[in-house]
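# Commentary on secondary and tertiary structure
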Amino acid sequence: MMPKVLLIIFLLGISLSCSKISQKDQNCDEKAVQPYVLPDLLTMQNGEKIKSIADWETKRRPEVLELYKREIYGRVPEGFDGKLSSKIFEQSNEALDGAAIRRQIALTYSINGKELNINVLLYLPKQIKYPPLFLGYNFYGNQTIIDDTKIVLTNSWIQNNGEIGITTNCATEQLRGKRNNRWPIKNLISEGFGIATVNYADIDPDRYDFSDGIHPLLYHKNQTRPAKDEWGSISAWAWGYSRILDYLKTDELTKDSKFILFGHSRIGKAALWAGVLDDRFDMVIANNSGCAGAAIFRRKFGERISKIYYNFPQWFCQNFKKYRKDENLLPIDQHMLIALIAPRPVYIASAEKDCFSDPIGEYLSGYYATPVYEMYGKKGLNDSIQPALNTPIFNTIGYHIRSGRHGVKDYDWEQFIKFSKKHLE
Ligand code: GCU
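What you are looking at is a predicted structure, and each value in this text was computed from that prediction instead of being measured.

Rules and cut-offs
Residues numbered from 1 in each chain as written. Predicted model: local features only at pLDDT ≥ 70, side-chain atom pairs only at ≥ 80, totals over all residues. Heavy atoms only, no water. Phe/Tyr/Trp six-rings, centres within 6.5 Å; stacked < 30°, edge-to-face > 60°. Helix = DSSP H or I, 4+ residues; strand = E, 2+ residues; numbered from the N terminus. Buried < 20%, exposed > 50% of the residue type's maximum accessible area, 1.4 Å probe, protein only. Lys NZ or Arg CZ within 6 Å of the ring centre and 35° of its normal. Near = heavy atom within 4 Å. Polar contact = N/O pair within 3.5 Å; in protein donor to acceptor, adjacent residues only side chain to side chain. Areas by Shrake-Rupley, 256 points an atom, 1.4 Å probe, with all protein chains shown as cover. Nonpolar A, V, L, I, M, F, W, Y, C, P; charged D, E, K, R; others polar. Expected span 1.5 Å × (residues − 1). Bend = angle between axes of the 7 residues up to and from the residue. Contact = heavy atoms within 4.5 Å. Pairing = 2+ DSSP bridges. Patch = residues over 30% accessible without salt bridge, like charges linked within 9 Å, V, L, I, M, F, W, Y side chains within 5 Å. Salt bridge = Lys/Arg side-chain N within 4 Å of Asp/Glu carboxyl O. Lys, Arg positive; Asp, Glu negative; His and termini not counted. Charge placed at Lys NZ, Arg CZ, Asp CG, Glu CD. Disulfide = S-S within 2.5 Å. Core = buried A, V, L, I, M, F, W, Y, C linked by side-chain atoms within 4.5 Å.

## Comments concerning the packing of aromatic side chains
For the structure on display, the rule yields 30 aromatic pairs. An angle of 90° between the planes, with centres 4.8 Å apart, marks the rings of Y109 and W239 as edge-to-face. Separated by 130 residues along the polypeptide, Y109 in strand 2 (residues 100-111) and W239 in helix 5 (residues 233-248) bring together distant segments of the chain. Using a relative accessible area of 7% as the deciding quantity, one classes Y109 as buried. In this structure an aromatic cluster arises from ring pairing among F134, W183, F193, F262, Y347, F394, W413, F416 and F419. Seen from the ring of F301, R299 lies directly overhead, with NZ or CZ sitting 5.1 Å from the centre.

## Topic: the site of the ligand
Near the ligand the following residues occur: S265, R266, K269, E303, I308, F312, W315, F356 and H406. Between the ligand and R266 there is a distance of 2.6 Å, counted from an oxygen atom to a side-chain nitrogen or oxygen. Within the complex, the protein chains bury 85% of what would otherwise be the 320 Å² of accessible surface of the ligand. When its residues are assigned to classes, the shell around the ligand shows four nonpolar, two polar and three charged.

## A few points about helix 2 (residues 53-73)
Compared with an ideal rise of 1.5 Å per residue, which puts 21 residues at 30 Å, helix 2 spans 25 Å between its outermost C-alpha atoms and falls more than 12% short. At R60, helix 2 shows its maximal kink, close to 40°; a proline, P62, follows between one and four residues later. Within helix 2 the residues assigned to the buried category are W56, R60, R61, E63, V64, L65, L67, Y68, E71, I72 and Y73. Among the structural elements, helix 5, helix 6 (266-277), helix 8 (334-339) and helix 9 (359-375) are those in contact with the buried residues of helix 2. Among the residues trailing helix 2, G74 stands out with phi positive, at a value near 90°.

## A word on the sheet that holds strand 1 (residues 83-94)
Strand order in the open sheet made by the ten strands is 1-2-3-7-4-8-9-10-12-11, with mixed pairing throughout. In this open sheet, the two edge strands, each paired with only one partner strand, are strand 1 and strand 11 (393-394). Note: strand 3 (residues 114-125) against strand 7 (residues 194-199), three bridges, orientation antiparallel. Bridged to Y123 within strand 7 is I195.

## With respect to a positive patch on the surface
On the surface, a cluster of positive charge is contributed by R225, K228, K321, R324 and K325. Summarising the element assignment, R324 is placed in the loop between helix 7 (305-311) and helix 8.

## Details of the state of the cysteines
Taken as a whole and judged by the stated rule, the model has one disulfide. Each disulfide pairs two cysteine sulfurs, and for C28 the partner residue is C355, the sulfurs being separated by 1.8 Å. Between C28 and C355, the S-S dihedral sits near 80°, and the bridge is therefore right-handed. Note that C28 is positioned in the loop between helix 1 (4-26) and helix 2 and C355 in the loop between strand 10 (346-351) and helix 9, a separation of 327 residues in sequence. The class of C28 is partly exposed, set by a relative accessible area of 30%.

## Remarks on the side chain of Q104
Turning to its location among the elements, Q104 is positioned in strand 2. The class of Q104 is buried, set by a relative accessible area of 1%. A polar contact of 3.2 Å, which involves the side chain of Q104, links it to the backbone nitrogen of V152. Setting aside residues up to four positions removed in sequence, Q104 forms contacts with K87, I88, F89, E90, V120, L121, K150, I151 and V152.

## What about the nonpolar core?
Counting residues in each nonpolar core, the largest one holds 93 residues, and the members touching the most others are Y68, I214 and F316. Of all the elements, helix 5 adds the most residues to this core, at ten residues. When neighbours within four sequence positions are excluded, Y68 is seen to be in contact with Y73, G74, W273, I332, D333, Q334, M336, L337 and L340. L96, L188, V408 and I417 belong to the second largest nonpolar core, which has 28 residues in total.

## Comments concerning the pattern of salt bridges
Summed over all chains, the structure comprises 26 salt bridges. As a salt-bridge pair, R299 and E30 come within 2.9 Å of each other at their nearest N and O atoms. Note that R299 is positioned in the loop between strand 9 (283-287) and helix 7 and E30 in the loop between helix 1 and helix 2, a separation of 269 residues in sequence. E30 sits in the partly exposed class, given a relative accessible area of 35%. For the salt bridge of R280 with D278, the shortest nitrogen-to-oxygen distance reads 2.7 Å. Looking at R280, the relative accessible area reads 27%, which means it is partly exposed. Under the relative-accessibility criterion, D278 is labelled buried at 8%. Connected through shared salt-bridge partners, R243, D246, D278 and R280 make up one network.

## Re unusual backbone geometry
Cis geometry is adopted by the peptide bond preceding P343, which originates at A342 and carries an omega value of 5°. Here P343 shows up in the loop between helix 8 and strand 10. Of note in this structure, L96 is not a glycine but carries a positive phi near 50°. When you line up the elements, L96 lands in helix 3 (residues 95-98). The class for L96 is buried, based on a relative accessible area of 13%.

Okay, structure coming up:
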């Protein structure tokens with residue numbers, strides 16, 4: 001048996017080294033960033049230089065897009081012809097004290113006798129025809145975004161409250177309205193915006209399991225998990241955003257609206273990817289999207305591929321695993337993801353104390369994507385140095401870094417609203 005004193009020293013050692021490890025894990029020392037060379041946005045893999053929009057659209061863009069599908073997020077299996085049907089199961093024209101229309105819609109995606117059910121919650125300002133609409137997933141169920149007893153509880157798996165990465169199968173009554181600080185619905189309505197939300201687990205529960213969510217519906221015979229270049233959860237969530245949009249384009253209240261994709265953190269990554277894949281989204285906003293979102297991989301700052309792939313292998317295609325040891329092996333980097341959205345407006349938002357998401361790397365992807373925006377005559381981010389805290393930029397590529405931590409704050413929404421008003425008029 002270990003004497004008591006030794007045991008205490010031993011335990012103290014563990015706790016000290018744990019705190020050291022966790023600080024080191026954050027990997028947030030700007031001085032440690034080594035010089036790196038980004039793959040050139042406007043040079044084809046065969047060395048050909050891209051000099052026109054036509055060349056970008058017909059040559060380089062498809063080449064880069066294919067690399068993203070194959071090496072990072074995974075492609076959606078082709079050759080499947082599912083059907084999307086919808087049923088409005090609840091509506092009020094007097095929601096939010098008479099200011100809004102609330103509509104709840106059950107979408108069913110069916111294929112080969114199997115079904116995926118998606119519950120859409122919609123709030124629209126009453127006075128505006130086809131208002132611009134923010135579309136964003138929530139993490140814990142539709143009932144969490146505002147304290148409104150009429151919002152039905154979802155049946156699908158949700159993220160367990162407070163414990164990132166752990167899922168549970170209960171969207172609970174206790175959580176009703178608990179995330180209202182992230183969703184300023186009343187304010188959005190009074191500013192003339194609508195909002196559509198879905199629990200992201202309706203599309204794919206956030207766990208390392210490819211037998212649930214959308215994946216198994218698109219398996220070939222005897223397939224049990226996606227092939228090496230096929231979709232992980234980020235691609236699945238992006239796919240889901242497009243199916244929700246398919247519906248919104250047919251709803252008589254929203255069919256001519258402008259659609260703004262909004263996502264925070266892991267859903268910020270999915271929002272960027274969805275915006276790349278589907279140009280019916282008029283604008284994309286990625287909040288604190290970090291590693292595999294807006295942050296430049298080659299900075300090797302904050303969260304790195306080794307860590308994200310270890311903790312969340314389900315988010316990516318299996319090919320992504322190759323890059324755990326060295327980000328420099330990737331044929332692409334995240335300035336290209338932003339460039340693939342051009343010429344549509346994109347807004348990248350960082351938080352000062354969110355070093356794990358690498359705010360400088362998030363900014364730089366916008367900066368290095370700028371040449372493609374400029375080809376279209378649009379303004380991106382022209383300064384290689386990040387703007388000061390709380391000093392937003394509203395060019396076609398927009399950016400802010402606010403004070404505070406990882407999260408969605410009122411300050412963020414104020415900027416998203418201003419940016420949207422500026423660019424959707
Ligand atoms: C984890 C993950 C991040 C992600 C974040 C989130 O921290 O490592 O990549 O952005 O969860 O989704 O909140």
